[in-house]
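Examination of the molecular architecture
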Amino acid sequence: MRGLAFHGNSVAEVIDYPDVSPRAEQVLIKLRSSGLCGSDFSRYRAKGPNEHGGQLIRPGHEPCGEIVALGPNVKGLKVGSRIIQHHYEGCRECEFCLTGWQQLCEVVDKKEYYGGSMHGGHGDYMVVHQSTCVALPDELDFEVGAYLACGATTAFQALKKLNISGRDVLAVFGQGPVGLAATMFGAEMGARIIAVDISPERLTMAADSGAWATVDASDNNSTDQIKDLTHGKGAD
Ligand SMILES: [Zn+2]
Ligand SMILES: [Zn+2]
């Protein structure tokens with residue numbers, strides 16, 4: 001099957017990877033979309049290839065697709081299920097793993113990272129543990145699912161922790177994929193969003209995504225502009 005390889009020094013190539021089949025509690029996913037994250041670029045631009053334990057690892061940690069085969073011990077998933085894959089796999093026994101936070105697994109030597117320590121989503125297929133699969137609702141397409149696999153949900157979780165509401169003015173610095181998601185979700189949660197960036201194109205996208213105001217920070221005076229917008233008070 002085809003998959004992307006990062007050879008180092010900004011060299012990428014589509015190569016053949018061995019076909020895979022799911023074992024035990026794994027499922028085989030046919031990838032339908034795979035997001036390119038900012039952190040992919042550090043692997044792409046690294047001095048050496050994207051390897052783990054001496055093995056070339058296929059990048060991609062924002063996978064979304066359909067289950068096409070099940071390992072013999074899989075429960076609760078079926079062939080044809082549309083899923084987002086969460087790219088961390090922990091011990092599945094510690095407090096963090098059992099409450100859905102496999103990325104915080106305390107058993108470090110058991111923690112895997114799809115796209116870093118195990119093959120990721122930039123390919124035709126991948127095998128993943130069943131515990132990393134999140135159902136993709138029918139009304140969301142695969143591209144949206146890939147965005148939710150990492151970038152957008154990172155912003156969502158931050159806003160949930162901040163308990164954002166209509167009482168708040170929230171300044172979001174940087175309107176890349178994560179910041180833009182914070183603008184979208186924050187506006188939906190009722191907050192007035194001040195979107196800050198140095199790119200006019202990104203500020204236009206922020207305005208289209210629900211920002212209450214936009215601030216061009218290229219003159220290094222974003223604090224003054226935010227104070228002007230909030231009667232001197234600043235953002236919450
Ligand atoms: Zn990501
Ligand atoms: Zn764990």
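Residues numbered from 1 in each chain as written. Chains lettered and ligands numbered in written order. Predicted model: local features only at pLDDT ≥ 70, side-chain atom pairs only at ≥ 80, totals over all residues. Heavy atoms only, no water.

1. Observations regarding the sheet that holds strand E13 (residues 192–197)
Taken in spatial order, the three strands line up as E12-E13-E14 in an open sheet, and their pairing is parallel. Either end of the sheet is taken by a strand with one partner, and the two such strands are strand E12 (169–173) and strand E14 (213–216). On average, each strand axis in the sheet is inclined to that of its neighbour by 20 degrees, with strand direction left out of account. Here E12 runs beside E13; their pairing, made up of five bridges, is parallel. Bridge assignment links Val172 to a residue of E13, and that residue is Ala195. Sitting on the sheet, helix H5 (residues 177–188) is in contact with E12 and E13, with an inclination near 165 degrees to E13. (Pairing = 2+ DSSP bridges. Helix = DSSP H or I, 4+ residues; strand = E, 2+ residues; numbered from the N terminus. Axes fitted to C-alpha atoms, helices over the stretch in contact; angles between N-to-C directions. Contact = heavy atoms within 4.5 Å.)

2. A word on the pairing of strand E2 (residues 11–16)
As defined by bridge partners, strand E1 (residues 2–8) adjoins E2 across six bridges and the pair is classed as antiparallel. By the bridge assignment, Gly8 is partnered in E2 with Val11.

3. Some words on the domain arrangement of the protein
Domain parsing of the protein yields domain 1 (2–149) and domain 2 (152–229). On a C-alpha basis, the centres of domain 1 and domain 2 stand 30 Å from each other. At the junction of the two partners, domain 1 supplies four residues and domain 2 supplies seven residues. Regarding the contact of domain 1 and domain 2, the summed buried area is about 440 Å², with carbon and sulfur atoms giving 61% of it. Per-residue buried area on domain 1 facing domain 2 is highest for Trp101, Tyr147 and Leu148; these three make up 97% of the total on that side. Run the count over domain 1 and domain 2 and you get zero salt bridges. Between the two partners, domain 1 and domain 2, sit three residue pairs in polar contact (both at pLDDT 80 or more). For the side of domain 1 that touches domain 2, the residue count by class is four nonpolar, no polar and no charged. (Domains from an automatic or database assignment. Buried area = accessible area lost by both parts, 1.4 Å probe. Salt bridge = Lys/Arg side-chain N within 4 Å of Asp/Glu carboxyl O. Polar contact = N/O pair within 3.5 Å; in protein donor to acceptor, adjacent residues only side chain to side chain. Nonpolar A, V, L, I, M, F, W, Y, C, P; charged D, E, K, R; others polar.)

4. Quick notes on the pattern of salt bridges
By the definition in use, this model includes five salt bridges. For Arg2, the salt bridge goes to Asp124, with nearest N and O atoms at 2.8 Å. Residue Arg2 is located in strand E1, and its partner Asp124 is located in the loop between strand E9 (112–113) and strand E10 (125–129); the two are separated by 122 residues in the primary sequence. On the basis of relative accessible area, Asp124 is assigned to the buried category, the value being 18%. (Buried < 20%, exposed > 50% of the residue type's maximum accessible area, 1.4 Å probe, protein only.)

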